[in-house]
Amino acid sequence: MRIGICVESSHAKGMGHLFRALNFMDYLNNQNESYVVFVNNDPVACRILRSKNIQFKTVNLSDFISDWESRVILQYGIDLWVNDRLNTDVKHSLNVLKNNIKLVTFDDRGSGAELADIHVASLFFGNAEELKGKKVLTGLEYLILNKEIDKYKRIRENINNIIVTLGGTDTYGVTLKVVEILNELSRKATIHLGLSFNHHKELAALINEQFKIIKHVPSLIKTFYDYDLAITGGGITPFEANVSGLPCLTISSEVHEIETCLYLKELGASLYLGHRDTITSEIFEDAFSVINLNQMSNIGISQITTSGVKNIMDELGKL
């Protein structure tokens, strides 16, 4: 079987879809499965794929007329198509399915999800009946996380080292606001900048001896091991941190991240600080005063697993 993995990555939409796809590809590599990546012409995404020697082709994801899907399916001998793009259009799904192959989609809120043979929605915590697709898989048992995490788990006890990591792009510059607040509270922290972070000048004006800047780390998972608390967005990162025993203070930048943040708060592995526009030093101070690191750390390790990609592949094997 040869899999086509179609991903969208940009400063506006973030890099979460690409990072999840990379974790999926790691599993496929270990299983000797063949795949090709189809991605929009985003310079950072292309650079990452080249650095990992991953076969990919840039495509125009907004083109629903030329039927580029059929051309690449034939060219690369694709048997199964996987979308990780948040919003797919039904015209795209029709172009894929007319080639008599199977279609899988991840966390898809677009019109194309309805035609998918499998819709994996591990980060959907509402009514599953709202989701479209012939078969819908929900729950953390289908969450794709990097298996490398299993090597770097530990229980946290005290807040000695804090890391701030707000995604590959941090589209809205939330890092800047967090630095201002931590500075006001006299809290030291390491600031991790994503590959597409575009607010360097503004950040430089805020940085003092309380803060350390890191970027282009070989493995964020390994880096997490040295920290006791993470301040993150509401995507995959807090799950990666929590399952390694690293509690988080989460901030939602997008509306769809609110559910994720509230879920992890309910689970007990993270605390939710609120939407990016509403966070204040008072909210941070209150959170610091009630954190129970040991309890949160144990919950993350015990309640979240890294077996999601295997569970998904087991379902794909039934198609």
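Residues numbered from 1 in each chain as written. Predicted model: local features only at pLDDT ≥ 70, side-chain atom pairs only at ≥ 80, totals over all residues. Heavy atoms only, no water.

What to know about the environment of I118
- On the secondary structure map, I118 appears in strand β6 (residues 118-121).
- Relative accessible area serves as the criterion here: at 1%, I118 is assigned to the buried category.
- Remark: the alpha-carbon pair of I118 and F106, spanning twelve residues in sequence, is separated by 8.6 Å.
- Not counting residues up to four positions away in its chain, the partners in contact with I118 are L103, V104, T105, K135, L137, E315, L316 and L319. (Helix = DSSP H or I, 4+ residues; strand = E, 2+ residues; numbered from the N terminus. Buried < 20%, exposed > 50% of the residue type's maximum accessible area, 1.4 Å probe, protein only. Contact = heavy atoms within 4.5 Å.)

Comments concerning helix α1 (residues 16-30)
- Along its 15 residues, α1 runs 22 Å from first to last C-alpha, staying within 8% of the 21 Å computed at 1.5 Å per residue.
- Every buried residue of α1 is listed here: H17, L18, R20, A21, L22, N23, F24, M25, Y27 and L28.
- Two residues or fewer past α1, N32 is found with a positive phi of approximately 55 degrees. (Expected span 1.5 Å × (residues − 1).)

Some remarks on empty space enclosed by the protein
- Counting across every chain of the model gives one cavity of 30 Å³ or more.
- Estimates place the volume of the largest cavity at around 30 Å³.
- Forming the boundary of the largest cavity are I5, R20, A21, F24, V82, D84, F106 and I144.
- Considering every element that reaches the lining of the largest cavity, the biggest residue donor is α1, with three residues.
- A class-by-class count of the residues in the lining of the largest cavity yields six nonpolar, no polar and two charged. (1 Å grid on protein atoms, 1.4 Å probe; cavity = no way out; pocket = protein on both sides within 12 Å on 5 of 7 lines; lining within 4 Å. Points joined across faces, edges and corners; volume = space filled by probe spheres on them. Nonpolar A, V, L, I, M, F, W, Y, C, P; charged D, E, K, R; others polar.)

Points about the environment of E130
- On the secondary structure map, E130 appears in the loop between β6 and β7 (136-138).
- On the accessibility criterion, E130 (54% relative accessible area) is exposed.

Focus on helix α10 (residues 281-290)
- If you check which residues of α10 are buried, you get S281, F284, A287 and F288. Projection of α10 onto a plane perpendicular to its axis shows the buried side chains occupying an angular sector of 125 degrees, all on one side. Among the exposed residues of α10, those oriented more than 90 degrees off its buried face are D286, S289 and V290. (Arc of directions from axis to C-beta.)

Details of the packing of α1 against helix α12 (residues 308-316)
- As a packed pair, α1 and α12 sit with axes 10 Å apart at the nearest point and diverge in direction by 70 degrees. When the axes of α1 and α12 are compared, the pair comes out roughly perpendicular. The two elements α1 and α12 cross, and the hand of that crossing is right-handed. When α1 is examined against α12, the residues F24, Y27 and L28 are found in contact with a partner set consisting of V309, K310 and M313.
- Taken together, the residues that form the contact of α1 with α12 break down as five nonpolar, no polar and one charged. (Axes fitted to C-alpha atoms, helices over the stretch in contact; angles between N-to-C directions. Parallel < 35°, antiparallel > 145°, perpendicular 65-115°, else oblique. Left-handed = near helix turned anticlockwise from the far one by under 90°.)

Structural notes on the pairing of strand β12 (residues 248-252)
- Within β12, five of the five residues are buried, which leaves the element mostly enclosed by the surrounding structure.
- Here β12 shows a buried face lined by C248, T250 and S252 and a second buried face lined by L249 and I251.
- Direction of pairing for strand β11 (residues 229-232) relative to β12: parallel, over a ladder of three bridges. Looking across to β12, one finds that T232 is bridged to T250.
- Once you follow β11 into helix α8 (residues 237-243) and on to β12, the crossover reads as right-handed.
- Bridge analysis of β12 against strand β13 (residues 270-275) gives five bridges, and the strand direction is parallel. Residue S252 lies in a different strand from β13, and its bridge partner there is H275.
- On the question of chirality, the crossover connecting β12 to the parallel β13 by way of helix α9 (residues 256-267) is right-handed. (Pairing = 2+ DSSP bridges. Right-handed = clockwise from strand over helix to strand, strands pointing away.)

Re the pairing of strand β5 (residues 102-106)
- Here β5 lies mainly inside the structure; four of its five residues are buried.
- As paired elements, strand β4 (residues 80-84) and β5 share four bridges and run parallel to each other. If you follow V82 over to β5, its bridge partner there is V104.
- Viewed along the sheet, the connection from β4 through helix α4 (residues 90-97) into β5 turns out right-handed.
- Bridge count for β5 against β6 is three bridges, and the pairing is parallel. Residue pairing for β6: V104 is matched across the bridge by I118.

Here we look at the sheet that holds β4
- The strand order across the open sheet formed by seven strands is β3-β2-β1-β4-β5-β6-β7, and the pairing between neighbours is parallel. In this open sheet, the two strands that pair with only one neighbour each are β3 (56-58) and β7. In this sheet, adjacent strand axes meet at a mean angle of 20 degrees when their direction is disregarded.
- Running over the sheet, α1 touches β1 (2-7), β2 (34-39), β4 and β5 and is turned about 165 degrees from β1.
- The strands that helix α3 (residues 68-76) touches are β1, β2, β3 and β4; relative to β4, the one it contacts most, it runs at about 130 degrees.

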